[in-house]
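Notes for the structure review
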Amino acid sequence: LAPSPAGRRKIVLSSAIAETSVTLDGIRQVVDGGLARISLYDPRSGMTRLETVKVSQAGAEQRAGRAGRTEPGVAWRLWPEGQHRALAERPSPEIETADLAPLALDMALWGTEDPASLRLPDQPPATAFLAARHLLVDLGALDQAGRITPHGRRMARIGLHPRLAHMTLAAAAHGEGSLAAAIAALLGERDLMAAGLRDADLRSRVELLAAGGRDPAIRRVREAARRIERQVGADPTPLLPARTGAVLALAYPDRIALRRSEGNGRFLLSGGQGAYLGPSDPLAAETMLAVADLDGQKPDARIWLAAPLDRSELEERLGDRIVEDDQVAFDRKTGAVVARRRRRLGALVLADAPLSDPPPGAMLQAMIGAIRALGADALPWTKAAEQLRARIIFLARLDGPDAGWPALEDQALLDGLEDWLAPHLAGIRSLAQLQELDLFSIFEGQLSWARRQDLNARAPTHFDAPSGSRVPIDYSGDAPVLAVRLQELFGLKQHPSVADGKVPLLLSLLSPANRPIQLTRDLPGFWSGSYKAVRADMRGRYPKHPWPEEPAEAVATARAKARGA
């Protein structure tokens, strides 16, 4: 700030201080990079992060005004004139990017719930203001109706951020008011640690305060801590750095960090966000932390200040926030329904153990949900069950939706699992056990005796060929198909059909090697027509099999010619 010595030139490297009312003598030139570093509060994570943005036109004008305050000067802007006109006219109001918890607490103290009732230059964002009120309810400053509580009134009188005010009051009630005041003062002042010695452990800063000394920065923080002590009405007590995490957790219950299984300084916060420490930081190996400061970046925020927290301290300070719930869910890895009892603090799973006696209803619903998610292929299909289903679907389509046949298409089966399958799932917890069910019997059980007789008569499982073979009928397609060797139909003068003769079978005529050689819905027409061409082609390929000139008059056979024939 001092003027330049005679004959010397002063260079000032400055950030936002250049936009204050401070006037520096002798500044003749300003070089503006066109960027601004602003603090943005994210109401979803409850964190503030620094973000680099382009300067506004008003900000650039204010920066340029630093030159020539006391003598002629010039400003050099490191961006094109055309780009300057595209900049925002002025920076966003702070109320749009700030943590609104202090404002929400003040408004509750005044008896005002709706910020729209205040004549503010800019209204706060609705989402951010709602998040601030939720935080105050969480800290006990507001009741569920949004009215300020006696605890909230005491918080408002202290003059700290609501998180820190709650921490100091709650800690004072447990005889740790001095430690809480020290932590609050540390968080409100410049870091006491020298740049080369900084790590994330807040305990080391508490140790500096506890040790005393004449360093002006330490004295300043200690004086701030004493003022907070007096405001809270706490009796001075020795500072115990080991209790730093337990006290800090009162202010930041949503920032309890549990080390992930992969380690390497990676943590999950109780609020649901990821966080990390540098691998060389002493706190990186800790199991649990109470986090005071982090940058809010995604997906993982950098932890700047924290303190270790053990399980007993967590139970002591945040035990009322820990919930115990039973989870019954299907595990795709094991293919089974798993029941576990978990103790959770927000997104953190503190304990996880098998549930010895899970509710049968929950197990059943989890199994049904798994089958529905995996699709109809997960059901225990057999050839018999697939054929039965296809026959029923065939008649249901033929007779129409009002005929009363059960709906067995894939989607209908999945939609109705609770009705037709649930009664058979008692004790079944895995896909392996599911495969033991007799799906044929389950489907058949949906049919009355009369329905079964009708099904067998109109949609038989097999066709009795003239050769004596019982050939299965395939109902899985749009039309029933009979795949049969041609020689087994010799002598048959009428085309085979089902459904009381209403639906002709689609004949897939096979060679002696069971390869398709002709499709037909008119067997008599085939005998009198294209059979001659088939006979001419097949006689040379399969000379050991009969190829009579009059197939409609020949004797059907499932065998080759006898030797010498």
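The following refers to the structure shown. (Residues numbered from 1 in each chain as written. Predicted model: local features only at pLDDT ≥ 70, side-chain atom pairs only at ≥ 80, totals over all residues. Heavy atoms only, no water.)

**Observations regarding the overall build of the chain**
To keep things clear, this is the line we draw: Strands are runs of DSSP state E lasting at least 2 residues, helices are runs of H or I lasting at least 4, and numbering of each runs from the N terminus. In this description the radius of gyration comes from C-alpha coordinates, and the expected globular size is given by 2.2 Å times residues to the power 0.38. Each residue gets one of three labels from its accessible area relative to the maximum for its type: buried under 20%, exposed over 50%, partly exposed in between, using a 1.4 Å probe on protein chains only. Contacts are assigned to residue pairs that have any heavy atoms within 4.5 Å of one another. Counting rule applied: Lys, Arg positive; Asp, Glu negative; His and chain ends not counted. Where a charge lies is defined by one atom per residue type: Lys uses NZ, Arg uses CZ, Asp uses CG and Glu uses CD.
Secondary structure summary: the chain contains 20 helices and 19 strands in total. Taken over the C-alpha trace, the chain has a radius of gyration of 41 Å; the compact-globule value for 565 residues is 24 Å, which it surpasses by more than 25%. Among the 565 residues that make up the chain, the fraction classed as buried is 42%. Long-range pairs, those at least 24 residues apart, make up 57% of the contacts in the chain with a sequence separation of at least 6. Of the charged side chains in the chain, 72 are positive and 69 negative; the average position of the first set lies 4 Å away from that of the second.

**With respect to a positive patch on the surface**
The line we're drawing: Patches in this entry comprise residues that are over 30% relatively accessible and not in a salt bridge; like charges within 9 Å are linked, as are nonpolar side chains (Val, Leu, Ile, Met, Phe, Trp, Tyr) within 5 Å. For every accessible area listed, the method is Shrake-Rupley and the probe measures 1.4 Å; residues are considered covered only by the protein chains on display. Throughout this description, the term salt bridge denotes a Lys or Arg side-chain nitrogen within 4 Å of a carboxyl oxygen of Asp or Glu.
Judged by side-chain charge, Arg222, Arg226, Arg227 and Arg230 come together as a positively charged surface patch. Examined against the element boundaries, Arg230 turns out to sit in helix α9 (residues 216-232). For Arg230, a relative accessible area of 61% translates into the label exposed.

**Structural notes on the pattern of salt bridges**
Per the counting criterion, the structure on display carries 32 salt bridges. Put simply, Arg203 and Asp201 hold a salt bridge, and the shortest N to O gap is 2.6 Å. Given a relative accessible area of 26%, Arg203 falls into the partly exposed group. A salt bridge links Asp326 to Arg341; the shortest N-O distance between them is 2.6 Å. Residue Asp326 is located in strand β10 (residues 323-331), and its partner Arg341 is located in strand β11 (residues 336-345); the two are separated by 15 residues in the primary sequence. A cluster of three or more residues bridged by salt bridges with shared partners is formed by Glu176, Arg243, Glu313, Glu316 and Arg317.

**A few points about a nonpolar patch on the surface**
A cluster of nonpolar side chains, Val31, Val74, Trp76 and Leu78, forms an exposed patch at the surface whose accessible area comes to about 420 Å². Looking at where Val74 falls in the secondary structure, it is placed in strand β4 (residues 74-77).

**Considerations on the sheet that holds β11**
Going by this rule: A pair of strands counts as paired when DSSP detects no fewer than two bridges linking them. Fitted lines through C-alpha atoms give the axes, limited to the stretch in contact for helices. The angle between two N-to-C directions lies from 0 to 180 degrees.
Overall, antiparallel pairing links the three strands, which are arranged β10-β11-β12 in an open sheet. Two strands close off the open sheet at either side, each with one partner strand: β10 and β12 (348-354). Taking each pair of neighbouring strands and ignoring which way they run, the sheet shows an average axis angle of 35°. The pairing of β11 with β12 spans six bridges and is antiparallel. Its bridge partner lying in β12, Arg344 is registered against Val349. Where helix α12 (residues 360-374) meets the sheet, it contacts β10 and β11, and its direction lies at approximately 40° from that of β10.

**A short note on the environment of Pro299**
By secondary structure assignment, the location of Pro299 is in the loop between β8 (288-294) and β9 (300-308). Overall, the relative accessible area of 67% leaves Pro299 in the exposed class. Taking the C-alpha atoms as reference points, Pro299 and Ala275, 24 residues apart in sequence, are found 8.0 Å from one another.

**Some remarks on the pairing of β9**
Sheet topology places strand β7 (residues 274-276) next to β9; three bridges connect them, and they run parallel. Following the sheet pairing, Ala275 is matched in β9 by Ala301. As paired elements, β8 and β9 share five bridges and run antiparallel to each other. Its bridge partner being in β9, Leu289 is matched across the sheet by Pro308. Two successive antiparallel strands, β8 and β9, enclose a turn made up of five residues, where Gly296 displays a positive phi of approximately 75°.

**Some words on the packing of aromatic side chains**
Just so we agree on the cut-off: Two rings belonging to Phe, Tyr or Trp (six-membered ring only in the last case) form a pair when the distance between their centres is within 6.5 Å. Interplanar angles under 30 degrees mark stacking, angles over 60 mark edge-to-face geometry, and anything in between is tilted.
Here the structure, examined in full by the defined rule, presents seven aromatic pairs. A ring pair is formed by Phe394 and Tyr475, whose centres lie 5.3 Å apart and whose planes are at 50°; its orientation type is tilted. With Phe394 in helix α13 (residues 383-399) and Tyr475 in the loop between β14 (470-474) and β15 (481-485), the pair connects residues that are 81 residues apart, well separated along the chain. For the pair formed by Phe394 and Tyr475, the shared burial category is buried. Pairing Trp420 with Phe443 gives two aromatic rings, centres 5.6 Å apart and planes at 40°, and the pair type is tilted.

**Quick notes on the nonpolar core**
Formally: Here, the term nonpolar core denotes a set of buried Ala, Val, Leu, Ile, Met, Phe, Trp, Tyr and Cys residues that are joined through side-chain atoms within 4.5 Å.
Core analysis: the biggest nonpolar cluster contains 65 residues, and Ile371, Trp420, Leu421, Leu486, Leu489 and Trp527 have the highest contact counts within it. In contact with Trp420, not counting residues within four places along its chain, are Leu379, Leu413, Leu439, Ile442, Phe443 and Gln446. One finds Ala156, Ala234, Ile256 and Leu350 within the second-largest nonpolar core, a separate group that totals 64 residues.

**Considering the packing of helix α7 (residues 177-188) against α9**
Keep this limit in mind: To sort the angles, those under 35 degrees are grouped as roughly parallel, those over 145 as roughly antiparallel, those from 65 to 115 as roughly perpendicular, and the leftovers as oblique. Left-handed describes a crossing whose near helix is turned anticlockwise from the far helix through less than a right angle; right-handed describes the clockwise counterpart. Residue type decides the class: Asp, Glu, Lys and Arg count as charged, Ala, Val, Leu, Ile, Met, Phe, Trp, Tyr, Cys and Pro as nonpolar, and the leftover types, Gly among them, as polar.
Direction vectors running N to C along α7 and α9 enclose 130°, while the axes themselves pass 8 Å from each other. Regarding the angle of α7 to α9, the classification is oblique. Between α7 and α9 lies a crossing of right-handed hand. For the pair α7 and α9, contact is made by Gly177, Ser178, Ala181, Ala182, Ala184, Ala185 and Leu186 and by Val221, Ala224, Ala225, Ile228 and Glu229, respectively. Of the residues belonging to the contact of α7 with α9, the class tally is nine nonpolar, two polar and one charged.

**Here we look at the side chain of Thr520**
Relative to the helices and strands, Thr520 resides in strand β19 (residues 516-520). Residue classification places Thr520 among the buried residues on the basis of a relative accessible area of 10%. Leaving out residues up to four positions away in the same chain, Thr520 has contacts with His495, Leu505, Leu506, Leu507, Leu509 and Phe526.

**With respect to the sheet that holds β15**
With respect to topology, five strands assemble into an open sheet ordered β13-β14-β15-β18-β19, the strand pairing being mixed. Sheet topology places β13 (462-464) and β19 at the edges, where each strand pairs with a single neighbour. With direction set aside, neighbouring strand axes in the sheet form an average angle of 30°. With three bridges connecting them, β13 and β14 associate as antiparallel partners. Bridge pairing in β14 links His462 to Pro472.

**Points about the packing of α7 against helix α8 (residues 202-211)**
Packing of α7 against α8 leaves a shortest axis separation of 10 Å and a crossing angle of 110°. Classed by the angle they form, the pair α7 and α8 counts as roughly perpendicular. When α7 is examined against α8, the residues Leu179, Ala182, Ile183 and Leu186 are found in contact with a partner set consisting of Leu202, Arg205, Val206 and Leu209.

**Focus on the environment of Asp500**
Along the chain, Asp500 falls in the loop between β16 (497-498) and β17 (503-504). With 42 residues separating them in the primary sequence, Asp500 and Arg458 have C-alpha atoms 5.8 Å apart.

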